[in-house]
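# Structure assessment
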Amino acid sequence: MSKIWESNFSNKAKNVRPSPIREILSVIRQPGMISFAGGMPAPEVFPVKEFHKGVDALLNDGPNLLQYGTTEGYPPLKEFLSGWTAPRMGRKVSLDEMLLTTGSQQGLDLMGWAMIDPGDYIITEDPSYLAAITAFHNHGSRFISIPVDARGMVVEIIPEAIEKARAEGKNIKFIYTIVNFQNPAGSTMTLERRKKLVEISHKYNIPILEDDPYGYVRYDGEHLPSIFSLDPDGGVIYAGTFSKILAPGTRIGWCSGNKDIIRKLTVFKQATDLCSSPITQALVYEYCKMGYLDSHLPNIIANYREKRDAMDASFRKHLPLDEVSWVKPEGGFFFWLDMPNIDAKTLFDKAIEKKVAFVIGAPFFANGGGEHNARMNFTFSSPEVIDEGVKRLGEAMREMLK
Ligand SMILES: Cc1ncc(COP(=O)(O)O)c(C=O)c1O
């Protein structure tokens, strides 16, 4: 490292952690490798033709859309989203209660800017979304970890955790939860727990960040109301995204919430990227306006449901069933394997030799743990490739258990 840079780095730069998933991408790109590592949508579900029609429509308004846009986001897309999300949100949010973001990842980072001073605490699920932990960590946050079970975050233990933390002088800024088909654990928070979480939020005066990239990608069962819709008092901010229901390359997400917090996020966004790409927002709007968001979603769901079922069947066929357990998720992108007698890191090295990749559990735990877990993505590969990959993984496990 060159001295002129290193000696001048910020404390943040000294503490920054690269994403373990992005770091293993070079390994995953080896020829012949089957990867269950990334959280990527299937390329065959991208609506390329429909997008093309949108591009043609847009050219009429080209000069406008090639200009800078407002930080708040492209108003027609916000109008559309306000109506489209209303059933899930319990009402239409107004335009000043919504900010369009560069992916929902930016919404998470902006929450860090608005809420976290170095040394503050965030209550997170344990395990939780790696890149959220990293984004909050970059703002200097620490974490109070609450376990996740098959019914979502174990909210019943949060009051005790808050009281203990406060007695120790810790400052808690918000509760971060991925309510539907959690990344990585796959579980969904029950309605009872959602209500309880809102009660806790008000009792202790701690707001909630509800991150919901997967909520619209449900394969079985009924949609549950968002936590946002259960809290008429405005203590919840909801982060959504087009990444899993359209394409992540759009980099368009949104945050909905009380207009004061939305305003704060907007002001931080002004200095972050001025605005999200106007032309992409307009393209996404054209796509939505032509009705493709609703007409295409069932194709995505059918494609992923088949792959989820394929991975579940391959697990049963190829894995040592006395040694591995999992919960079949009702939606989302991931299976989460529990392997009490298998060290995930050793398994990873063995699996790479056999040309199959996954993500080890440890990085998803903000305060340590996960040595015996693996996250397996099922949306990206075909059912045939899934079966071959799981077969290789099963062989790697059996060799370790010998
Ligand atoms: C839980 C969760 N939140 C947020 C994101 C960020 O998504 P994007 O920035 O593509 O909208 C992801 C992406 O995988 C995720 O899994």
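All figures in this text were calculated on a predicted structure; none of them were measured in a lab.

## Some details on the domain arrangement of the protein
Taken domain by domain, the protein comprises domain 1 (3-47 + 296-401) and domain 2 (48-292). Its C-alpha centre places domain 1 at a distance of 24 Å from the equivalent point of domain 2. Opposite the 33 residues of domain 1 that make contact, domain 2 presents 35 residues. Both faces combined, the contact of domain 1 with domain 2 buries some 3,100 Å², and carbon together with sulfur accounts for 60% of it. The largest per-residue losses of area from domain 1 upon contact with domain 2 belong to Arg-17, Pro-47 and Glu-330, which jointly make up 22% of the total buried on that side. At the boundary of domain 1 with domain 2, the tally comes to two salt bridges.

## So, the site of the ligand
Around the ligand, a shell composed of 13 residues is seen, among which Ser-104, Asp-211, Tyr-214, Thr-241 and Ser-243 lie nearest. Between the ligand and Lys-244, the relevant distance is 2.9 Å, taken from an oxygen atom to a side-chain nitrogen or oxygen of the residue. Protein chains shield 93% of the accessible area of the ligand, which is 390 Å² for the free molecule. At three residues, the largest contribution of residues to the shell around the ligand is made by helix H9 (residues 103-115).

## Quick notes on the packing of aromatic side chains
With the rule as written, the count across this model stands at 19 aromatic pairs. Seen in terms of ring centroids, Phe-315 and Trp-326 are 5.0 Å apart; in terms of plane orientation they differ by 65°. Their pairing is edge-to-face. Pair noted here: Phe-315 is in helix H16 (residues 292-318) and Trp-326 is in the loop between H16 and strand S10 (334-338), with a separation of 11 residues, a long-range link. We classify Phe-315 as buried; its relative accessible area is 0%. Overall, the relative accessible area of 16% leaves Trp-326 in the buried class. Note on Phe-333 and Phe-334: the rings are 6.2 Å apart at their centroids and 55° apart in plane angle, and the pair reads as tilted. On the basis of relative accessible area, Phe-334 is assigned to the buried category, the value being 2%. Chaining the aromatic ring pairs together yields one cluster made of Tyr-219, Phe-315, Trp-326, Phe-335 and Phe-378. Looking at Arg-88, its charged tip hangs above the ring of Tyr-216, at a distance of 4.0 Å from the centre. The side chain of Lys-244 reaches across the aromatic face of Phe-333, ending 5.0 Å from its centre.

## What about the pattern of salt bridges?
Taken as a whole, this structure holds 21 salt bridges when the rule is applied. A salt bridge links Glu-97 to Arg-91, with the nearest nitrogen and oxygen atoms 2.9 Å apart. Notably, a salt bridge pairs Glu-388 with Arg-392, separated by 3.0 Å at the nearest N-O pair. Highlighted residues: Glu-388 and Arg-392, both in helix H18 (residues 383-401), separated by four residues, approximately one helical turn. One continuous salt-bridge network, built from bridges that share partners, spans Asp-220, Arg-308, Asp-309, Asp-312, Arg-316 and Lys-328.

## Quick notes on the sheet that holds strand S3 (residues 121-126)
Strand order in this open sheet of eight strands is S2-S9-S8-S7-S6-S3-S4-S5, and the pairing throughout is mixed. Both outer strands of the open sheet, strand S2 (98-102) and strand S5 (152-153), are each paired with one neighbouring strand and no more. Examined bridge by bridge, S3 and strand S4 (residues 142-149) share six bridges and lie parallel to one another. Paired with Tyr-121 across the two strands is Arg-142, which belongs to S4. Running over the sheet, H9 touches S2, strand S6 (172-177), strand S7 (208-211), strand S8 (236-241) and strand S9 (252-256) and is turned about 115° from S2. Packing of helix H12 (residues 191-204) onto the sheet brings it into contact with S4, S5, S6 and S7, and relative to S7 it is tilted by some 150°.

## Examining the sheet that holds strand S12 (residues 359-360)
In space, the three strands of this open sheet follow the order S10-S13-S12, with antiparallel pairing throughout. In the strand order of this sheet, the two ends are held by S10 and S12, each with one partner. Note: S12 against strand S13 (residues 373-377), two bridges, orientation antiparallel. The residue of S13 that forms the bridge with Ile-360 is Ala-374. H16 contacts S10 and S13 of the sheet and is inclined by roughly 20° relative to S10.

The rules behind the values
Residues numbered from 1 in each chain as written. Predicted model: local features only at pLDDT ≥ 70, side-chain atom pairs only at ≥ 80, totals over all residues. Heavy atoms only, no water. Domains from an automatic or database assignment. Contact = heavy atoms within 4.5 Å. Buried area = accessible area lost by both parts, 1.4 Å probe. Salt bridge = Lys/Arg side-chain N within 4 Å of Asp/Glu carboxyl O. Near = heavy atom within 4 Å. Polar contact = N/O pair within 3.5 Å; in protein donor to acceptor, adjacent residues only side chain to side chain. Areas by Shrake-Rupley, 256 points an atom, 1.4 Å probe, with all protein chains shown as cover. Helix = DSSP H or I, 4+ residues; strand = E, 2+ residues; numbered from the N terminus. Phe/Tyr/Trp six-rings, centres within 6.5 Å; stacked < 30°, edge-to-face > 60°. Buried < 20%, exposed > 50% of the residue type's maximum accessible area, 1.4 Å probe, protein only. Lys NZ or Arg CZ within 6 Å of the ring centre and 35° of its normal. Pairing = 2+ DSSP bridges. Axes fitted to C-alpha atoms, helices over the stretch in contact; angles between N-to-C directions.

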